Amino acid sequence: MLSGFNSATLTAYSIKGYIMATKAKTRAGRVAERKTIRSQSPDRKKETQAASPSAVDLLEQDHREVEEWFDEYDELKEDDARKAELAQKICLALKVHAQIEEEIFYPQAREATKDNDLIDEAVVEHATVKNLIAEIESMEVGEDLYDAKIRVLGEMVKQHIKEEEEELFPELGPAKIDLEGFGKELAERKEELMAEMQA
Ligand SMILES: [Fe+2]
Ligand SMILES: [Fe+2]
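This report concerns the structure included in the present document. Only a predicted model underlies this, so the values are computations on that prediction, with no experimental measurement involved.

## Focus on the coordination of the iron ion (ligand 1)
Working step 1: All of the protein donors around the iron ion (ligand 1) are Glu101 (OE), Tyr106 (OH), His126 (NE2), His160 (NE2) and Glu164 (OE); their distances to the metal are 2.0 to 2.4 Å.
Working step 2: The sequence pattern formed by the donor residues of the iron ion (ligand 1) is E-x4-Y-x19-H-x33-H-x3-E.
Working step 3: In this structure, the iron ion (ligand 1) lies 3.3 Å away from the iron ion (ligand 2), the two metals sharing Glu101 as a donor. Separated by 34 residues along the polypeptide, His126 in helix α7 (residues 116-137) and His160 in helix α8 (residues 146-172) bring together distant segments of the chain.
Working step 4: When its relative accessible area of 4% is taken as the criterion, His126 is described as buried.

Structure representation (structure tokens):
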């Protein structure tokens, strides 16, 4: 996983050059490039151990986790108990994730990128996702349209994740936002909300 940027990475890339190059690349290309940059930094391991996960790291971990749950649900045929368990995990994780993004990450990203349209769209997508979650939470596994609602939720969420990772995160750039500081804040708020919403 990615782990934010530090002063060592900035010596290799000018900020402007980095942002322009990043926009032009595929996601796979960006990941490969960051891996190369990381492996070139001798202090990397020490820094990673000391630092909190970056904001982008934490959000991407959440994205991968929920994508796996949607994929697992999709494979299930008659196992209603597992379906119910997965649906509950998906709904809780998405509500917490949406809230930490809206409370902490999006305001910072708005400030850093000045891309109001992109963040506005993301907020509207969250609202649609939350409405569908509320419908799912009011239903029982096995009811008509339950599986379809989970599937549509999965499609919407995967598209939203793609936009965040391919459009929003690259716009942040390495020096425009304190990624590691926000990572800590996001992680703490996530833990708090998880406890609150599970209570
Ligand atoms: Fe989001
Ligand atoms: Fe997200």
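Now that the structure has been shown, we can carry on.
## A word on the coordination of the iron ion (ligand 2)
Working step 1: Protein ligation of the iron ion (ligand 2) involves His63 (NE2), His97 (NE2), Glu101 (OE) and Glu164 (OE), the donor distances falling in the range 2.1 to 2.2 Å.
Working step 2: Classification of the site at the iron ion (ligand 2) rests on its four donor atoms, whose angles at the metal span 80 to 172°, yielding the label irregular.
Working step 3: Spacing between the donor residues of the iron ion (ligand 2) along their common chain follows H-x33-H-x3-E-x62-E.

## Some details on the pattern of salt bridges
Working step 1: Taken as a whole and assessed by the stated rule, the structure comprises 17 salt bridges.
Working step 2: A salt bridge links Glu85 to Arg82, with the shortest nitrogen-to-oxygen separation between them at 3.2 Å. With a gap of three residues between them, Glu85 and Arg82 both fall in helix α6 (residues 80-113), about one helical turn apart.
Working step 3: The class for Glu85 is partly exposed, based on a relative accessible area of 39%.
Working step 4: One salt bridge connects Glu111 with Lys114, and the closest N-O pair in it is separated by 3.4 Å. Per residue, the accessibility class of Glu111 equals that of Lys114, and both read exposed.
Working step 5: Here the salt bridges share partners, and the residues they tie into one network are Arg64, Glu67 and Glu165.

## Description of empty space enclosed by the protein
Working step 1: Tallying each qualifying case throughout the model produces four cavities of 30 Å³ or more.
Working step 2: Each pocket or cavity is described by its volume, and for the largest cavity that value is around 160 Å³.
Working step 3: Every residue lining the largest cavity is counted, 14 residues in all, and those nearest its centre are Leu94, His97, Ala98, Val157 and His160.
Working step 4: At the level of elements, α5 (55-75), α6, α7 and α8 are the ones that each hand at least two residues to the lining of the largest cavity.
Working step 5: Its residues assigned to classes, the lining of the largest cavity shows seven nonpolar, four polar and three charged.

## What to know about the packing of aromatic side chains
In this description, an aromatic ring pair is defined by two values, namely the gap between the centres and the angle between the planes.
Working step 1: This structure, assessed with the given rule, holds two aromatic pairs.
Working step 2: Ring centres of Phe105 and Tyr106 lie 6.4 Å apart, and the angle between their planes is 55°; on these two criteria the pair is classed as tilted. Exposure class is identical for Phe105 and Tyr106. Each is buried.
Working step 3: Each ring, one from Phe105 and one from Phe169, has its centre 5.7 Å from the other, and the planes form 90°; the classification is edge-to-face. Of this pair, Phe105 sits in helix α6 while Phe169 is found in helix α8, placing the two residues 64 residues apart along the sequence. Summarising the burial analysis for this pair, Phe105 and Phe169 share the class buried.

Conventions used here
Residues numbered from 1 in each chain as written. Chains lettered and ligands numbered in written order. Predicted model: local features only at pLDDT ≥ 70, side-chain atom pairs only at ≥ 80, totals over all residues. Heavy atoms only, no water. Donors = N, O, S within 2.8 Å, 3.2 Å for Na, K, Ca; no water. Helix = DSSP H or I, 4+ residues; strand = E, 2+ residues; numbered from the N terminus. Buried < 20%, exposed > 50% of the residue type's maximum accessible area, 1.4 Å probe, protein only. Tetrahedral: all angles 85-135°; square planar, octahedral: opposite > 155°, others 65-115°. Salt bridge = Lys/Arg side-chain N within 4 Å of Asp/Glu carboxyl O. 1 Å grid on protein atoms, 1.4 Å probe; cavity = no way out; pocket = protein on both sides within 12 Å on 5 of 7 lines; lining within 4 Å. Points joined across faces, edges and corners; volume = space filled by probe spheres on them. Nonpolar A, V, L, I, M, F, W, Y, C, P; charged D, E, K, R; others polar. Phe/Tyr/Trp six-rings, centres within 6.5 Å; stacked < 30°, edge-to-face > 60°.

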